Amino acid sequence: MSVMVARKKVVRKWEKLPGRNTFCCDGRIMMARQKGIFYLTLFLILGTCALFFAFECRYLAVQLSPAIPVFAAVLFLFAMATLLRTSFSDPGVIPRALPDEAAFIEMEIEATNGTVPQGQRPPPRIKNFQINNQIVKLKYCYTCKIFRPPRASHCSICDNCVERFDHHCPWVGNCVGKRNYRYFYLFILSLSLLTIYIFTFNIVYVALKSLKIGFLNTLKETPGTYPSMSLTVLTVLEVLICFFTLWSVVGLTGFHTFLVALNQTTNEDIKGSWTGKNRVQNPYSHGNIVKNCCEVLCGPLPPSVLDRRGILQQEESTAQEGSCLRGPGTQEPPAMQGLGQAQEGGMKKQDGSIPPPSAVPAPSVSDAEMPEEKQRTPGELPVPSPDAGRAEH
């Protein structure tokens, strides 16, 4: 006989989350699926810093100060920490509406807008929300089936609505939103300082070498470990990487510093939300640069609302073979085995023979309590009554 047994399988919520994201380490790491440029970012930072620490730093530490490699290491570690924190965190993804919630929202919209005649375009799904005496429009997301909160937007690459959406950055392999914007800003700021630092001391290294052995000899010099590789090639490679990085990263840092000072996002700046024809004032700005910077960079960090590592239990039915009746080869329960062994041991003599029925002692139960017909267990001998022996005599 087959018995269906329900066994619970533990499933994490991140395995069922919609959107185009990649999860690692059991949902602890969340990134976009397009991560190729992120790996290029890691390669450029690690490669440039490795060359700087391997060649120039040792010479500069001896000739100038041992604090040069120490400060470079601090900038490098800080930049890497903020990069990984930006890339591996939830940027502020808003969960999609459940089917019941989506149906309720649709009913509200139909009740508000009324029946639209066929062939006519339905009115836009917008709700008005007041912030600091300013009317802000909340737009409806047809993918997530929700009215997006203020400053939220739907990322077409990750296919998620992100709270306080700034932009999708392929260089960090993730969206930049409310929960990781400060780490993104600290990353580009520290990377700018690190780039300027390495670029400056590469030029100082070449200048010090040229003063001692001449500029042409410096160009021909090769490191002792790699005699086939010119040291100038490595230095020029670092200088070129730093030079082109300066134009992009330092410029990007300046642009985001301007946005932080105004408490504005890249998405709002591109759309001209607060600088367009309407000349609507930014309701999120405090009118003070210090207050805006403190809110964006030092304000409380909201927790993730995804609950990526929450548990969803799903039941799986598995068939198991079992029998309701014991067959000939089935062992008896331990209690029955013990009872049978005790009875057989009491009925056997020392020589191993079984005594006659008359020699078997009667149980210590009175005749009044003994039922007329007692159901015996299998293999148990019948117990004669004392009256039966007297009748024979």
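Structure report, in brief. (Residues numbered from 1 in each chain as written. Predicted model: local features only at pLDDT ≥ 70, side-chain atom pairs only at ≥ 80, totals over all residues. Heavy atoms only, no water.)

A few words on the overall build of the chain. Counting its regular elements, the chain contains 10 helices and 12 strands. In the chain, buried positions account for 33% of the 393 residues. If you take every contact in the chain between residues at least 6 apart in sequence, the share linking residues at least 24 apart comes to 64%. When the accessible area of the chain is evaluated, it comes to approximately 25100 Å², of which 60% is carbon and sulfur surface. (Helix = DSSP H or I, 4+ residues; strand = E, 2+ residues; numbered from the N terminus. Buried < 20%, exposed > 50% of the residue type's maximum accessible area, 1.4 Å probe, protein only. Contact = heavy atoms within 4.5 Å. Areas by Shrake-Rupley, 256 points an atom, 1.4 Å probe, with all protein chains shown as cover.)

This paragraph deals with the pairing of strand β5 (residues 126–131). Within a regular strand, side chains alternate between the sheet's two faces. Alignment of β5 against strand β6 (residues 134–141), held across 6 bridges, turns out to be antiparallel. Pairing of Asn128 across the sheet is with Lys137, part of β6. Joining the antiparallel neighbours β5 and β6 is a turn of 2 residues, in which Asn132 adopts a positive phi near 50°. (Pairing = 2+ DSSP bridges.)

What follows covers helix α1 (residues 36–63). Given a rise of 1.5 Å per residue, 28 residues ought to cover 40 Å, and the 40 Å separating the end C-alpha atoms of α1 matches this to within 8%. The largest bend along α1 reaches roughly 45° and is located at Glu56. (Expected span 1.5 Å × (residues − 1). Bend = angle between axes of the 7 residues up to and from the residue.)

This brings us to the pattern of salt bridges. Using the criterion set out here, one finds 8 salt bridges in the structure. One salt bridge in this structure joins Asp26 and Arg309, with 3.2 Å as the shortest N-O distance. In this pair, Asp26 sits in the loop between β2 (21–24) and β3 (29–32) while Arg309 sits in the loop between α8 (289–298) and β12 (311–321), placing the two residues 283 residues apart along the sequence. Exposure remark for Asp26: the relative accessible area of 30% places this residue in the partly exposed category. Accessibility expressed as a relative area gives 30% for Arg309, which makes it partly exposed. With its nearest N and O atoms 3.0 Å apart, the salt bridge here joins Glu106 to Arg125. Of the two residues, Glu106 sits in helix α3 (residues 99–113) while Arg125 sits in the loop between α3 and β5, which places them 19 residues apart along the sequence. Here the salt bridges share partners, and the residues they tie into one network are Arg12, Asp26 and Arg309. (Salt bridge = Lys/Arg side-chain N within 4 Å of Asp/Glu carboxyl O.)

The terminal C-alpha atoms of helix α2 (residues 67–87), which comprises 21 residues, lie 30 Å apart, in line with the 30 Å expected from a rise of 1.5 Å per residue. Taken together, the buried positions of α2 are Ile68, Pro69, Ala72, Leu75, Phe76, Ala79, Met80, Thr82, Leu83, Thr86 and Ser87.

The next subject is the pairing of β6. Pairing analysis gives 2 bridges linking β6 to strand β7 (residues 146–147), with the strands arranged antiparallel. Considered in β7, the bridge of Tyr140 is made with Phe147. Hairpin connection between β6 and β7: a loop of 4 residues separates the two successive antiparallel strands, and Lys145 in this loop has a positive phi of roughly 60°.

Attention now moves to the sheet that holds β7. Pairing within the open sheet is antiparallel, and its 3 strands lie in the order β5-β6-β7. The open sheet has two edge strands with one neighbour each: β5 and β7.

Judged by pairing direction, the sheet is antiparallel, and its 3 strands sit side by side in the order β4-β9-β8 without closing on themselves. Strand pairing shows two members of the sheet lacking a second neighbour, β4 (93–94) and β8 (153–155), which therefore form its edges. Pairing geometry for β8 and strand β9 (residues 160–162), over 3 bridges, is antiparallel. Paired with His154 across the two strands is Cys161, which belongs to β9.

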